Structures are given as structure tokens and as C-alpha cells.
Amino acid sequence: MAKLPTLETTHSGVSVSQLREHSKALISEIADMRDAAEEGYSNDRCSINLPYDKKIAKETAVLAKRHKGVDAIVVVGIGGSNLGTMAVQEAVLGKYHNMTGTGPKIFYSDTVDTYAMKDLLRILTGLRKAGKTIVVNGVSKSGGTTETTANFEILTEFLRKTDRRADEHIVVTSDEGSPFWKLAEKRGYHTLAIPKKVGGRYSVMSAVGQYPLRAIGVDVDQLLKGAADMRKACLGGDVAKNPAAQRAALLHHHYLHGKNIADMFLFCPDLESVGRWYRQLMGESIGKEWDSRHKMRVSCGMTPTVSIGSTDLHSMAQLYLGGPVDKFTTFVTLDEKSSVGAGGVSVPRDKEYEALVPHIQGRKLSELMDAIYRGVSIAYEKNGRPYCHVGLHGKDEYQIGALLQMHMMEMMYLGRLLGVNPFDQPAVEAYKVETKRILEKTFH
Ligand code: PA5
């Protein structure tokens, strides 16, 4: 049986009795979470049921199979509509996936940017000229996001001009009945529904992530299996053994004690987008002006930051180790065996280099990374900087599915501890409304 990622909290700066205190407040949320696990999609927490949804798995697998053999897929979506897909793709297939020649390429179109769009259209034109097939997957929960609509319109127009079978190669993922959904139906595009109560940042295990990931060859069934196994662990009543609840308790403790920055420090560059996905998850879920009953202004939130080991040690370590003690860090590492995999990469044994840096010749890169991580964690301890450690047994689908599921449930627990609603995002909506108002006023 596959092993779930581990959570190590020895240096978290929170004692067993303090953890027990926070745990009391979680008892009712764990009970509510267990109820939600039985309630399909009627509960705000219902994204926890996605890993078990056979209908979505089948629907996305059938469509991905139909698109088997396509050469590229463009995901048009922003925020919760593309960050999860990007996180899983980069983690599992690597940041260089498009250059490795394994499976269809994947491109993302999120913000509106002339330069990025021109470059993307240039790439896609080259692919079409070479006879390659492209799928455009528009993803928007609301079905009315300015950036997504603009980019989708541009990209599908391109496809329709260059591909006689374009409509067969356009997929819309949205809330059933949204304006986007209706347009797709009218034009005869493929449609995939997002369960109504599943919000963008909790939607990676829905068709939002499942379809594009299957289409590029990610083993989504293993991703879901990892998520399902982690869900079981995160429904456990003993907080000390429930990783999501335990992490929520640690974060809550530090928030109450003035550490309102949560740094996710990932010791593997391919995990950077997992950090960016988490940044949205935390930022939108607990960054709230009002409490969950909308009675009290709380202006609550922790600022999530993302650091990459060892890259950011060469720019941020001074601040992290010498600056204010205002952060709680989560180190994420891959265990050495899994990252070595079949072979691993070693430094050559060139004696002349010993004068530059001794003791690295002939050693595996994973050994060096491990030494760096151990050095960093000791420095954090010596400098009184609290941290916890998440250990991944590789970066395959199972591990990443489990990791993302843990964080989604952690945020639900943390929302409860902080007394805010982790499922809405009124401030994001506010900017969207204002943007539309400006565009309306200046339209000619
Ligand atoms: O979490 C959220 O709700 C937002 O960040 C959305 O994901 C983002 O604004 C995109 O919205 P939509 O999927 O409706 O296009």
C-alpha cells in the first residue's frame, strides 16, 4: 500500500498541551466534516467528496480518451480554474514537460497580456502548420470572468480559423447553466460541469483538473486515490493523528501569537506551483474582513508566501533567519530514495574541483539537497524559527493528490478556528464587479 506524506511537528513551537487546547475547538468541525463526507454535494465542504465521484472520473476519462492523440492543450482559466491543474502537472510531469517530448504539451492562458498572447498564438500557429491538433479547454466556475472570456474568445477564434474540426476540440468546464455553459451548448462544444458548491480553489479534483490532466497523460486515478486516502486520515477524531487538523491548529496558534506569515518552503523546484496553488487557497479562504456570521469586522488573515529550496536561500535566508520572528514555515521535501528514483544524477569525480567545494565530487544531487535541507532546519532551530516538515515519498500522482487534499481540509479546519468562512471570496467578487463597471463606462 502506498504511503501517505508525513507531517513532522517537533520544531513547530507548539507544545502538546497547547495543541490539545486548539484541538478542543476542532471537535465539532471534525464532526461536521464527517457529516459532509456523507452528504454528496449539498454541503459547503463537499469538495472532500470529489475523489470518490465515479461519474466525474468517467466523464473526464471518456473525453480525454476521445482526445487521445492530440498534440497540445491550452487551459484558459485563472485562479482556482487553473492553479490546481498547473500544480499537479508541474509536480508530476515537471516544469520542462513541454520540452521533454513526452505526451501532449500544455499551455496556460490566464491573465490578459498582449505579449503572452502573441507568443502563445505564434506557438500555436507553428503547431497547426505542422499539422498538430490543439484542444482549447476554457475553465470558469462563474462563467463570466473577464480575463478568461477575452482569452477564450481569442483562442477559439484562432482554432476555428485553422481547424475544420475546431468545435470537436473545444471543451468548456463551468457551472451548469452559467453564461459560459450556455454559450458552449449553443455552439456545440463539449461541456463538463463543476458541482455547484465546489468553489474554484477547492476544485482541482473535479473536472477542472481531471480533464486537462488526463488529456496530458497524468494518472488521475492515482491522484484521486492519494486524495481519498488522505481524506480518511483527515477525518480522524484524534487531532494528533489528523494531519489537516494538526496543521490548522499549529497555524492558528502562531496566528494568535503574532506570526501572520505562513511560508511554504518547497525543496524541489517542480513543486513551486503547488506553493502558488496553496497561496490562493490560504489567501482567499482565511483572508476575511468579517467573521463567518458577518457580525464582527475581524480583518483576519495570514499572508502565504512561497520559497524554493535551495534557490531562495540565496536571496531570503538572511531575512528568514535574522529578521522578525513573524513567520511559521512549512518545509516540504522529497525523501531521498524517491527523488533518486531510477539512477539519479551525480556530480562527476573531477579532483580539480575539490579546491572549489570539497566533499561533493561523486555525490548525488539529492544527497546535496538533503544536506542543504538539514543545514537549514538546524539553522531554523538555532535561531528560534518555528517550522513543521511535510515529507513526500516522491512527487507522483498519489503523493500530490494526498498533499493537496490535506491542505484543502486544513484550510476548512483553520477557517473554523479563526471563525471565518473559508468558502467565499467577497473581495475577489468586488474587484470583478468594479472592472466590469469601468469597461461598461469606457465602451465605445
Ligand atoms: O477562488 C475563486 O473563486 C477565484 O479565485 C476564482 O477561481 C477566479 O476568480 C476565477 O473565477 P472563475 O472560475 O469563475 O472564472
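Keep in mind that this is a model prediction, so the values were computed, not measured.

A. Local environment of the pattern of salt bridges. Tallying each qualifying case throughout the model produces 26 salt bridges. Among the salt bridges present, the one from Arg66 reaches Glu168, with a minimum N-O distance of 2.9 Å. Taken as a pair, Arg66 in helix 2 (residues 54–66) and Glu168 in the loop between helix 6 (146–162) and strand 5 (170–174) lie far apart in primary sequence, 102 residues in all. Arg66 sits in the exposed class, given a relative accessible area of 53%. When salt bridges that share partners are traced, they join Glu29, Asp32, Arg45 and Arg416 into one network.

B. How the structure looks around the sheet that holds strand 5. One open sheet holds the five strands; their spatial order is 3-2-4-5-6, and the pairing between them is parallel. The open sheet terminates on both sides in strands that have one partner only, identified here as strand 3 (105–109) and strand 6 (190–193). Going across the sheet, the axis of each strand differs from the next one's by a mean of 20°, ignoring polarity. Both strand 2 (residues 72–76) and strand 4 (residues 134–140) contribute to a ladder of five bridges, which runs parallel. Residue pairing for strand 4: Ile73 is matched across the bridge by Val135. In this fold helix 6 packs onto strand 2, strand 3, strand 4 and strand 5, with an angle of close to 160° to the strand it touches most, strand 4.

C. Structural view of helix 7 (residues 179–187). Every buried residue of helix 7 is listed here: Phe180, Trp181 and Ala184. The buried residues of helix 7 occupy an angular sector of 100° when projected down its axis, which confines them to one face. Helix 7 presents Pro179, Lys182 and Lys186 as exposed residues on the side facing more than 90 degrees away from its buried surface. Summarising the contacts, the buried residues of helix 7 are in contact with strand 4, helix 6, strand 5 and strand 6. Two residues or fewer after helix 7 comes Gly188, characterised by a positive phi angle close to 80°.

D. Representation of the packing of helix 9 (residues 220–233) against helix 15 (residues 397–418). With their axes 6 Å apart at the nearest point, helix 9 and helix 15 run at an angle of 45° to one another. For the element pair helix 9 / helix 15, the angle class is oblique. For the pair helix 9 and helix 15, the sense of crossing is right-handed. Residues Gln222, Leu223, Lys225, Gly226, Ala227, Asp229, Met230 and Arg231 of helix 9 touch helix 15, and the partners they reach there are Glu397, Tyr398, Ile400, Gly401, Ala402, Gln405, Met406 and Met409. Among the residues forming the contact of helix 9 with helix 15, the class breakdown is eight nonpolar, four polar and four charged.

E. Structural view of the site of the ligand. In the vicinity of the ligand, 13 residues are found, and the nearest of them are Ser81, Ser140, Ser142, Thr145 and Glu284. Measuring from an oxygen atom of the ligand, one finds a side-chain N or O atom of Ser81 at 2.6 Å. In this structure, Ser140 approaches the ligand through a side-chain N or O atom, which is 2.6 Å from an oxygen atom. Surface burial for the ligand is 92%, taken as the share of its 380 Å² of free accessible area covered by protein chains.

F. Geometry of the sheet that holds strand 7 (residues 261–266). Read across the open sheet, the five strands follow the order 1-12-11-7-10; overall the sheet is mixed. The open sheet has two edge strands, strand 1 (6–8) and strand 10 (303–308), and neither has a second partner. Geometrically, the sheet is characterised by an average inter-axis angle of 20° between neighbouring strands, direction not taken into account. One ladder, built from three bridges, connects strand 1 with strand 12 (residues 387–392); its direction is antiparallel. Paired with Leu7 across the two strands is Val390, which belongs to strand 12. Contacting strand 7 and strand 12, helix 15 crosses the sheet at an angle of about 150° to strand 12.

G. Up close: the environment of Gly177. Mapped onto the secondary structure, Gly177 falls in the loop between strand 5 and helix 7. Taking the C-alpha atoms as reference points, Gly177 and Ala193, separated by 16 residues in sequence, lie 9.2 Å from one another.

H. Up close: the packing of helix 2 against helix 8 (residues 207–215). In the contact formed by helix 2 and helix 8, the axes pass within 9 Å of each other and the chain directions differ by 35°. Note that helix 2 runs across helix 8; the crossing there is right-handed. Where helix 2 abuts helix 8, its residues Ile56, Ala57, Thr60, Ala61, Leu63 and Ala64 lie against Ala207, Gln210, Tyr211, Arg214 and Ala215.

I. Inspection of unusual backbone geometry at higher detail. Here the amide bond leading from Gly309 into Ser310 is cis, since omega sits at -5°, within 30 degrees of zero. Secondary-structure assignment places Ser310 in the loop between strand 10 and helix 12 (313–322). With a phi angle near 40°, Ser299 is a residue other than glycine that sits in the positive phi range. One can find Ser299 in strand 9 (residues 297–300).

J. Representation of the side chain of Asp53 within the structure. Looking at where Asp53 falls in the secondary structure, it is placed in the loop between helix 1 (16–36) and helix 2. Despite its burial, Asp53 pairs with no opposite charge; the closest candidate is Lys55, at 6.6 Å N-O. Of note is the side chain of Asp53, whose polar atom sits 3.0 Å from the backbone nitrogen of Ile56.

K. Just a nonpolar patch on the surface, in detail. There is a patch of nonpolar side chains on the surface, built from Tyr353, Leu356 and Val357 and spanning about 320 Å² of accessible area. Following the sequence through the fold, Tyr353 ends up in the loop between helix 13 (336–340) and helix 14 (365–382). Tyr353 gets classed as partly exposed once you look at its relative accessible area, which sits at 47%.

L. Structural detail: helix 9. The first and last C-alpha atoms of helix 9 sit 20 Å apart over 14 residues, in line with the 20 Å expected at 1.5 Å per residue. Among the residues making up helix 9, those that are buried are Val220, Leu223, Leu224, Gly226, Ala227, Ala228, Asp229, Met230 and Arg231. Of the surrounding secondary structure, the elements contacted by the buried residues of helix 9 are helix 2, helix 3 (83–93), helix 8, helix 10 (243–256) and helix 15. N-cap assignment for helix 9: the residue whose side-chain oxygen lies 3.3 Å from the backbone N of Asp221 is Asp219.

Rules and cut-offs
- Residues numbered from 1 in each chain as written.
- Predicted model: local features only at pLDDT ≥ 70, side-chain atom pairs only at ≥ 80, totals over all residues.
- Heavy atoms only, no water.
- Salt bridge = Lys/Arg side-chain N within 4 Å of Asp/Glu carboxyl O.
- Helix = DSSP H or I, 4+ residues; strand = E, 2+ residues; numbered from the N terminus.
- Buried < 20%, exposed > 50% of the residue type's maximum accessible area, 1.4 Å probe, protein only.
- Pairing = 2+ DSSP bridges.
- Axes fitted to C-alpha atoms, helices over the stretch in contact; angles between N-to-C directions.
- Contact = heavy atoms within 4.5 Å.
- Arc of directions from axis to C-beta.
- Parallel < 35°, antiparallel > 145°, perpendicular 65-115°, else oblique.
- Left-handed = near helix turned anticlockwise from the far one by under 90°.
- Nonpolar A, V, L, I, M, F, W, Y, C, P; charged D, E, K, R; others polar.
- Near = heavy atom within 4 Å.
- Polar contact = N/O pair within 3.5 Å; in protein donor to acceptor, adjacent residues only side chain to side chain.
- Areas by Shrake-Rupley, 256 points an atom, 1.4 Å probe, with all protein chains shown as cover.
- Lys, Arg positive; Asp, Glu negative; His and termini not counted.
- Patch = residues over 30% accessible without salt bridge, like charges linked within 9 Å, V, L, I, M, F, W, Y side chains within 5 Å.
- Expected span 1.5 Å × (residues − 1).

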